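# Structure assessment
The primary structure of each chain is shown beneath.
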Amino acid sequence: MIEDKLTGLQDRVAFISRLKMHCERAITMGHRLGLLVIDLNRFHRINDWFGFRVGDDALRHAATLIKSVARKRDLVARIGGNQFAMILPGIMNEGHAVLAASKLSRLLEEPIHLAGHKVVLSASTGIALSPEHSTNFDRLFAKAERAMRDARLQEAPFAVCQTLEDEDDDDALLMEFELESAFASGHLQVYFQPKMDMKKEEPVGAEALMRWHNGMRGFVSPEIFIPAGERARLINNMTQWTINSALQFASEWTNRFGQLSVAVNLSPAVLADPNLADNIECCLGVWQVPSGSLILEVTESSALAEPAESFKTFEALAELGVRISLDDFGTGYSSLAHFRNIPAHELKLDRTFVQHITQDMADWKIAAHVIELAHSFDMQVTAEGVESYDAFDTLRNMGCDFAQGFYVAKPMPHAAFRQWLKEYQSLDDSAAGPTKR
């Protein structure tokens, strides 16, 4: 039996071998098998704050707790830096696996003292069962890992795999592998959607958007491949690449109307990265772009998921001069008590309130109130999804500051954006502006 030297548990190689054996035995004997994949949340912070020695003590403590939950016939292994797994052979039903995950979650919540520091651990646990979810050991492991990522995204202590054996999600898993390969080989692209000053009718910047053209699938919607990137734990690297690419391109832009900004979207996982501000400071230094030209867009739900941590990140970014934009405003469930404390510089009025603003009085009123609210907090407002002159003019008369949408311009590759910018700037003053073309 191969052991992990730090914890004394079996290591990943031994675990995979035993999982294969247990899956084959479960099929032969007609038994049910449970698999738990356990990821310690934000474990890197323990190493960053207290040092690797405390981190090693925390891993040993977690291993002890997991073993205390296991029965004699269960197998516990450390399968990665801060990841563990537990094989539960011969369980009666899903409830037994859920009970083990629930008990472990309660044990981890108990504060511990390591090297004079009070530390609280937590975990995201994924649960998969054989034969319900798969009888193949590789696929069962992949499904348990995916359930673990679902638990993390849902901010839940555990999650159970949602696809049965005959409803396999091979395509979703395949997409994650394809995305990883596309990213590694440089096949992702950055498109830019112009942002317009509504009063001056002049471009003030652009939003950088990730795009993926898959040879077999065609253009894959960001609504599909961004969640795939989150599940595959690629999103931090993908976002870092987007920020670098956006700043590199922005450093080449010239504009007779003034300095152009570039905006990049941040997912909740990226916002939670404690190294975010340091990474962005490095990017700004490399490309020599004024920090005030970079806008980071976050949704109100992600900003308020863990407000204490998010606000610290916002403050660090503000010290760099980076601006924060609150995206999809009005579609979440945050209260004004929280909103007043968000250190944002801009609100983005969601397209759901813009699309029918000239026909629906309720949308008109909501937009008017959001604009007034933002201005009262010294924030600017950008309207998304502006697709007609009537919508543009209506929002401009309300005092909205900026517009994005197909009426201004569609998202386009960088070369096309530079050409669009060049053509726009070459127009006579009498012809300039989207309302006069």
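What comes next is a walk through the structure. Along each chain, the written sequence defines residue order, and numbers are assigned to residues from 1. Since the coordinates come from a predicted model, pLDDT governs what is reported: local features require at least 70, and pairs of side-chain atoms require 80 or more to be given and counted, while whole-chain, interface and lining totals use all residues. Hydrogens and water are ignored here; the side-chain numbers use all heavy atoms of the structure.

Attention now goes to the packing of aromatic side chains. Two rings belonging to Phe, Tyr or Trp (six-membered ring only in the last case) form a pair when the distance between their centres is within 6.5 Å. Interplanar angles under 30 degrees mark stacking, angles over 60 mark edge-to-face geometry, and anything in between is tilted. Counting across every chain of the model gives 11 aromatic pairs. Ring geometry for W420 and Y424: centres 5.3 Å apart, planes at 35°, overall tilted. Taken together, the residues W420 and Y424, both in helix α16 (residues 414-426) and 4 residues apart, mark about one turn of the helix. Each residue is placed in one exposure class: buried if its accessible area under a 1.4 Å probe, protein chains only, is under 20% of its type's maximum, exposed if it is over 50%, and partly exposed if it falls in between. Taking the relative accessible area as the measure of exposure, W420 reaches 12% and is therefore buried. Looking at Y424, the relative accessible area reads 1%, which means it is buried. An aromatic cluster of three or more residues is present, and its members are F192, F249, W253, F417, W420 and Y424. Seen from the ring of F406, K410 lies directly overhead, with NZ or CZ sitting 5.3 Å from the centre. Put simply, DSSP marks the helices as runs of H or I at least four residues long and the strands as runs of E at least two long, and each gets a number from the N terminus on. Any Lys NZ or Arg CZ found within 6 Å of a ring centre and within 35 degrees of that ring's normal is scored as a charge over the ring.

To continue, consider the environment of F406. Inspection of the secondary structure assignment puts F406 in the loop between β16 (402-403) and β17 (412-413). Exposure remark for F406: the relative accessible area of 46% places this residue in the partly exposed category. Contacts: residue pairs with any heavy atoms within 4.5 Å of one another. Every residue in contact with F406, bar those within four places of it in the chain, is listed here: Q193, V386, E387 and P411.

Quick look at the packing of helix α10 (residues 276-287) against helix α12 (residues 307-320) now. Between α10 and α12, whose axes approach to 9 Å, the crossing angle comes to 20°. Comparing their axes, α12 and α10 come out roughly parallel. Here α10 and α12 pass one another in a crossing that is right-handed. Contact residues: L276, A277, I280 and E281 in α10; T313, A316, L317 and L320 in α12. With axes taken as lines fitted to C-alpha atoms, and helix axes fitted only over the stretch in contact, angles between N-to-C directions fall between 0 and 180 degrees. Angular relationships are summarised with four words: roughly parallel below 35 degrees, roughly antiparallel beyond 145, roughly perpendicular across 65 to 115, and oblique for the angles in between. For any helix crossing, the convention is left-handed if the near helix is rotated counterclockwise from the far helix by under a right angle, and right-handed if that rotation is clockwise.

With that settled, the discussion passes to the environment of G186. With respect to the helices and strands, the residue G186 is situated in the loop between α6 (170-184) and β8 (188-197). C-alpha separation for the pair G186 and W241, spaced 55 residues apart in sequence, amounts to 10.0 Å.

One side-chain nitrogen of Lys or Arg within 4 Å of one carboxyl oxygen of Asp or Glu is enough to make a salt bridge. Applying the stated rule across the entire model yields 16 salt bridges. D4 is the partner of R78 in a salt bridge, and the nearest nitrogen-oxygen pair spans 3.1 Å. On the criterion of sequence distance, the pair formed by R78 in strand β2 (residues 75-78) and D4 in the segment before α1 (12-29) is long-range, its members being 74 residues apart. The pair formed by R78 and D4 is uniform in burial state, with each residue classed as buried. Of the charged contacts, one joins R60 and D57 as a salt bridge, the two residues approaching to 2.7 Å between their closest N and O atoms. Taken as a pair, R60 and D57 lie in helix α3 (residues 52-69) at a separation of 3 residues, close to a single helical turn.

Let us now look at the sheet that holds strand β3 (residues 83-89). Here, a strand pair is defined by DSSP locating no fewer than two bridges between the strands. Strands sit in the order β2-β3-β1-β6-β7 across an open sheet of 5 strands; the sheet is mixed. Strands with a single pairing partner mark the edges of an open sheet, and in this sheet they are β2 and β7 (158-160). Across the sheet, the mean angle separating the axes of adjacent strands is 15° when strand polarity is ignored. Where α3 meets the sheet, it contacts β1 (33-40), β2 and β3, and its direction lies at approximately 10° from that of β3. Those strands touched by helix α4 (residues 94-108) are β1, β3, β6 (123-130) and β7, and its axis lies near 165° from that of β6.

Bringing unusual backbone geometry into the picture now. The peptide bond linking S130 to P131 adopts the cis configuration, its omega dihedral lying at 15°. By secondary structure assignment, the location of P131 is in the loop between β6 and α5 (137-153). Phi at R233 takes a positive value of approximately 60°, unusual for a residue other than glycine. For R233, the location among the structural elements is in the loop between α7 (222-231) and α8 (235-250).

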